[in-house]
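# An overview of the molecular structure
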Amino acid sequence: MSEAFLYKAWYVAAWPSEVTRTPLRRVFLEQPVMLYRREDGRPVALADSCPHRFVPLSRGSLVGDEIVCCYHGLRFNPDGACTLNPHGDGTIPAVAKVRAYPLAESQGLIWIWMGAAADADPRTIPVLSIPHFPALDDADAYAAVGGRLSIAANYELITDNLLDLSHVQFLHPGLRVANPRVTRHEMKQEGNAITSYFWRDEGQVNGLLKLMGWPADRPVDSRAHMHWQPPALMTLDVGVTDVGRPVAEGMSAPSLHLLTPESRERTHYFFAFLRTVGKDDAALTEKVRVLGLQAFEQEDKPVIEAQQMNLGEAEIMSLGPALLAPDAAGVRARRVLRGLIEAQRVEAGSV
Amino acid sequence: MSEAFLYKAWYVAAWPSEVTRTPLRRVFLEQPVMLYRREDGRPVALADSCPHRFVPLSRGSLVGDEIVCCYHGLRFNPDGACTLNPHGDGTIPAVAKVRAYPLAESQGLIWIWMGAAADADPRTIPVLSIPHFPALDDADAYAAVGGRLSIAANYELITDNLLDLSHVQFLHPGLRVANPRVTRHEMKQEGNAITSYFWRDEGQVNGLLKLMGWPADRPVDSRAHMHWQPPALMTLDVGVTDVGRPVAEGMSAPSLHLLTPESRERTHYFFAFLRTVGKDDAALTEKVRVLGLQAFEQEDKPVIEAQQMNLGEAEIMSLGPALLAPDAAGVRARRVLRGLIEAQRVEAGSV
Amino acid sequence: MSEAFLYKAWYVAAWPSEVTRTPLRRVFLEQPVMLYRREDGRPVALADSCPHRFVPLSRGSLVGDEIVCCYHGLRFNPDGACTLNPHGDGTIPAVAKVRAYPLAESQGLIWIWMGAAADADPRTIPVLSIPHFPALDDADAYAAVGGRLSIAANYELITDNLLDLSHVQFLHPGLRVANPRVTRHEMKQEGNAITSYFWRDEGQVNGLLKLMGWPADRPVDSRAHMHWQPPALMTLDVGVTDVGRPVAEGMSAPSLHLLTPESRERTHYFFAFLRTVGKDDAALTEKVRVLGLQAFEQEDKPVIEAQQMNLGEAEIMSLGPALLAPDAAGVRARRVLRGLIEAQRVEAGSV
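Definitions and limits used
- Residues numbered from 1 in each chain as written.
- Chains lettered and ligands numbered in written order.
- Predicted model: local features only at pLDDT ≥ 70, side-chain atom pairs only at ≥ 80, totals over all residues.
- Helix = DSSP H or I, 4+ residues; strand = E, 2+ residues; numbered from the N terminus.
- Buried ≥ 20, exposed ≤ 12 C-beta atoms within 10 Å, placed from the backbone.
- Contact = placed C-beta atoms within 7 Å.
- Least-squares fit on C-alpha atoms with pLDDT ≥ 70 in both.
- Axes fitted to C-alpha atoms, helices over the stretch in contact; angles between N-to-C directions.
- Parallel < 35°, antiparallel > 145°, perpendicular 65-115°, else oblique.
- Left-handed = near helix turned anticlockwise from the far one by under 90°.
- Nonpolar A, V, L, I, M, F, W, Y, C, P; charged D, E, K, R; others polar.
- Pairing = 2+ DSSP bridges.
- pLDDT = per-residue confidence, 0-100.
- Domains from an automatic or database assignment.

### Section: the overall build of chain A
Helix and strand counts for chain A come out as five helices and 18 strands. The principal-axis extent of the C-alpha atoms belonging to chain A is close to 80 × 50 × 35 Å. Burial status across chain A gives 46% buried among its 351 residues. When contacts within chain A are restricted to residue pairs at least 6 apart in sequence, those whose partners lie at least 24 apart make up 57%.

Encoded structure:
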């Protein structure tokens, strides 16, 4: 176990469409994992390393619900038990098993539990609730444009990026507003969850909501509320209303920002733009997709990777960074996460 | 000296056609070596590093039997002695010499001795004897299709691959038989040599022998006997006979599998398919070449490299692998090699 | 501070034309630096790392003389002081400053001081004086063809290369003479400066001077005098005269060879060919450029990089190299530099 990661946690493993009858290799918390679906569609996650010669099982092929290693034909079921040794007298060695990772499909995502399987409880899967928006499990109620980026940076640097949306104004010309004026910025912690609130009253609409149909010249009260839960799950409630009107009357453009560490220096970034407005408008969906990829892939990714390159192996806080007002949420999230990882260390030590 | 390697040993350095009047750089056991031929054709191996500025000598040019360094013109003879210093008063510094490695041409291969030159005895070059097949030095008696691959994996992982041919059935569709049934599997150690025997009685012919003309529907007794000598020299006696008939009446398709470590994580794999059947049939030679490269380059290489990637720096046995019946020969070979390397360590310590 | 480098020294940072209103990232002595020009043209060098999130400032944009970080809009002046925090109440944290490196433009080059800024004195910028040639600050008096290579090798290996020009005869067919005969070779140290003198009397003209118009068949006395100052600044006085005539009557083709370490294993090599002969002849300038790049980029660079690859992390002197007569200057330069670095270490320790 590395102290870089929280293990007792549900992480996003994949979008449901990524997990198919063709095995998929993906690395989480430095552990190679193979993902595939049973014939009845239920997803499976096994360590991607055959216990015989340590070849990736994802190079093998499925027979029913079982994976056959490409190298010597050992066969494993979705629990990771070896069900066939085609050699000698067919005895299955006691150590011929692979770790099975608990998985669950929820809220339009496939989740994986990276701690001890006995501790996995699907009821503890984080709820990605967004104010004034349908529940994510109600897929018909909204449109989603999702994607995944692999970013060559530590996941906490991406958390910092997302909890401090003041960067939008500088880094994302397509998303920013012409004349920003943050009326109020607040940070709240509830239990281990943190929300970073930005409000801009009587201002201009941003690029995303303009795309979704809000007239550029119609003055708005805007909000951008990023909600964080450990280890690195964020939902963003972005929206506008006519000046002085309640949120329910306005327009919302929420998004998901869900990070799963691949290693200390590389991160899966699952993102999605959600909307109820024009939810069946395929052309709009495509426009939102292009806008989002421009921001995340062309603007955030190279800057965060350059940041990681400048940092090298140094932990950012150890360098005594200048801290600004909008860093409050990121600093707090870092502290919550360090506390959870420290608790994990103490617990492991006491076993 | 690294304990990853056996130094007092003859290794395959090159196919004879690879060593020419153009110097060739090649790394063996982490040592850069330059290979070339004298004007009379005899091969030479020198450390590929000029003792003056440590530039690779292989960047230089030959003058007669001597190599001239490209950088400042120091000249070295095939013994590694400096014969010309074109600078100052021409005095040759005492340290201006390069290590010369003993070489020998034998059995259609160029062999190099990686231990102390004083210990090199060409009479100890391993004999690659194949039952029921002409001696390899008798080049006119057989056809050979050879090649070399550079594989990004430790050589012992490739030894494991070759000593457990049960993988053919899973990894090599072009070589396998339609309906395998191993009648008997045995492993024998004689001195430091190990042979892994597979017999399949009353079965079908494999892909290679079919290519060589054996009718697909004519039932056979098959054998595949892999013979290993340290450090990593293997010959494979593959063949079929009509059911119940002696080997001499059947058809043989032997092959060579000779490994020379480049480093702990990279290996030269010299392979060759041999045959007496249709030995002057160029079209058949080409078909065998294509079949072999498909198996070694497209099927074995990526799997073994993925295995090495999963292992990282871990030694495979330290991970407690599940061992199956056909692993017996590989485990034994590993033990023999470890014993020889331990003896080398003790001997070095006692000097 | 690394003992691989001398910090209290002026290094070449760039050719003046490379530093513009577009920020340029360049690494010196393992430190990332951003270079740009003020509106009035004066160059600026700041650490290329924002003290807030450590993103390279060179990704930002200039507003007047100030750089705006691309990520959160912190603004820094040419002294490295933060002048604007666009967040919260705008308070500028005490640690929000970046290191400013002293710069100076002199002799057609931009120089940077890598030690403590308080120690920087532009009067100590090394003078690149070339015998029988105009002062380099008198730009109208001569033509220059310059360039920069990034070489994957330690800078001292390139110093060795330059102080031992005997390699020209072996490595550079375009520059060498047909029939070399070094009449005299000498090495002189004056203070910390070293000059390596080569004379060839009554010989043939070299490739460069031939290009500049000296008839191939007109016998010459030649000289090639490489002058070194620490840490790695070299000027080469190359020229010919009719036999027995004074230098002032002959033709000169001097050049600059100025090295700035990027890291222990990578070096900026700033070079330039200078001439008064045909100084307005653009076709000649192009021919000289092609000849120079052939020598430095196609011939020196791959050999020095192969040397570094063979050396790995070993320091060359620790391997007991064979030393030849023309190594004297390089060995002496290495000793001078080690002495200066040792003095720096002692001084740092006594603080």
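Here the narrative resumes.
### Examining the relation of the copies chain A and chain B
The transform that puts chain A on chain B rotates by 120° and translates by 0.1 Å along the axis, for an RMSD of 0.0 Å. Such a combination of rotation and displacement between the chain copies is what one expects of a three-fold axis. Among all residues of chain A, the one whose C-alpha sits closest to the rotation axis is A:Glu313, at a distance of 12 Å.

### Examining the environment of C:Gly203
Residues and elements named next belong to chain C. Along the chain, glycine 203 falls in strand β13 (residues 193-203). Overall, glycine 203 belongs to the buried group, with 20 C-beta atoms counted inside 10 Å. Residues glycine 203 and valine 177, spaced 26 residues apart in sequence, show a C-alpha to C-alpha distance of 8.4 Å. In this view, glycine 203 contacts Val177, Asn179, Pro180, Arg181, Val220 and Ser222; residues no more than four positions away in its chain are not counted.

### Details of the packing of helix α1 (residues 155-163) of chain A against helix α4 (residues 282-311) of chain A
Residue and element names in this part refer to chain A. Two elements in contact, α1 and α4, have axes whose closest approach is 10 Å; the angle formed by their N-to-C orientations is 130°. As judged from the angle between their axes, α1 and α4 are oblique. Where α1 crosses over α4, the two elements pack in a sense that is right-handed. Counted together, Leu157, Ile158 and Asn161 of α1 and Asp300, Ile304, Gln307 and Gln308 of α4 form the full contact between these two elements. For the contact of α1 with α4, the class distribution of residues is three nonpolar, three polar and one charged.

### Quick word on the pairing of strand β14 (residues 220-229) of chain A
In regular strands, side chains alternate between the two faces of the sheet. Residues and elements named next belong to chain A. Of all ten residues in β14, ten are buried, a share of seventy percent or more. As judged from the eight bridges shared by strand β13 (residues 193-203) and β14, these two strands associate in the antiparallel manner. When the sheet's bridge partners are listed, tryptophan 199 is paired in β14 with arginine 223. Across ten bridges, the pairing between β14 and strand β15 (residues 233-242) is antiparallel. Note on β15: the bridge partner recorded for aspartate 221 is threonine 241.

### Quick word on the sheet that holds strand β3 (residues 31-37) of chain A
All names here are of chain A. One open sheet accounts for three strands, arranged β2-β3-β4; its pairing is antiparallel. Edge strands, defined here as strands with exactly one partner in the open sheet, are β2 (24-28) and β4 (43-47). Neighbour-to-neighbour, the strand axes of the sheet open up by a mean angle of 35°, direction not taken into account. When β3 meets β4, the two strands line up antiparallel, connected through five bridges. If you follow tyrosine 36 over to β4, its bridge partner there is valine 44.

### Digging into the interface of chain C and chain B
If you look at the interface, chain C gives 18 residues, while chain B gives 19 residues. Of all elements in the fold, only α2 (168-171) and α4 (282-311) of chain C reach the threshold of two or more residues within the side of chain C that touches chain B. Ranked by residues supplied to the side of chain C that touches chain B, first place goes to α4(C) with five residues. Grouping the constituent residues of the side of chain C that touches chain B by class yields 13 nonpolar, five polar and no charged.

### A few points about the confidence of the model for chain A
When the pLDDT values of chain A are averaged, the result is 95; 99% of them are 70 or greater. The ipTM value of the predicted complex is 0.94, and its pTM value is 0.94.

### Brief notes about the domain arrangement of chain A
Residues and elements named next belong to chain A. Under the domain assignment used here, chain A contains domain 1 (10-119) and domain 2 (128-345). Of note, the centres of domain 1 and domain 2, computed from C-alpha atoms alone, are 33 Å apart. Taken residue by residue, the interface counts ten residues in domain 1 and 13 residues in domain 2. In terms of residue class, the side of domain 1 that touches domain 2 is built from six nonpolar, three polar and one charged.

### Remarks on the interface of chain A and chain B
Contacts between the two partners involve 19 residues from chain A and, on the opposite side, 18 residues from chain B. Along the lines of polarity and charge, the residues of the side of chain A that touches chain B split into ten nonpolar, seven polar and two charged.

### Concerning the sheet that holds strand β7 (residues 75-76) of chain C
Residues and elements named next belong to chain C. Pairing is antiparallel in the open sheet, where four strands are placed in the order β5-β6-β7-β8. For this open sheet the edge positions go to β5 (61-63) and β8 (82-84), each flanked by a neighbour on one side alone. Note that β7 and β8 share two bridges and pair antiparallel. Residue pairing across strands places phenylalanine 76 opposite cysteine 82, the latter belonging to β8.

### Section: the pairing of β3(A)
All names here are of chain A. Counting buried residues along β3, six of its seven residues qualify, which places the element largely inside the surrounding structure. Of the strand pairs in this sheet, β2 and β3 are connected by five bridges, and their pairing is antiparallel. Bridge assignment links leucine 24 to a residue of β3, and that residue is leucine 35. Joining the antiparallel neighbours β3 and β4 is a turn of five residues, in which glycine 41 adopts a positive phi near 95°.

### Regarding helix α1 (residues 155-163) of chain B
Across the nine residues of α1(B), nine count as buried, placing the element largely inside the fold. All of the buried residues along α1(B) are B:Tyr155, B:Glu156, B:Leu157, B:Ile158, B:Thr159, B:Asp160, B:Asn161, B:Leu162 and B:Leu163.

### Focus: the environment of A:Val19
Residue and element names in this part refer to chain A. Position of valine 19 among the secondary structure elements: in the loop between β1 (10-14) and β2. Separated by 131 residues in the primary sequence, valine 19 and serine 150 have C-alpha atoms spaced 17 Å apart. In contact with valine 19, other than residues within four places in its own chain, are Ala14, Leu24, Leu35, Tyr36, Arg37, Pro43 and Ile110.

### Focus on unusual backbone geometry
Negative phi values dominate among residues other than glycine, just as trans dominates among peptide bonds. Geometrically, the link from A:Pro230 to A:Pro231 is a cis peptide bond, its omega value of 0° lying close to zero. You can see A:Pro231 is positioned in the loop between β14 and β15. Unusually for a residue other than glycine, B:Gln107 sits at a positive phi of about 60°. Within the element layout of this structure, B:Gln107 appears in the loop between β9 (103-106) and β10 (109-113). With 18 C-beta atoms counted inside 10 Å, the residue B:Gln107 sits in the partly exposed group.

### Some remarks on the environment of A:Gly250
All names here are of chain A. Along the polypeptide, glycine 250 turns up in the loop between β15 and β16 (251-252). Taking the C-beta count within 10 Å as the criterion, glycine 250 has 18 such neighbours and is therefore assigned partly exposed. Sequence-distant contacts of glycine 250, that is, excluding residues within four places in its chain, are made with Gly239, Val240, Thr241 and Arg245.

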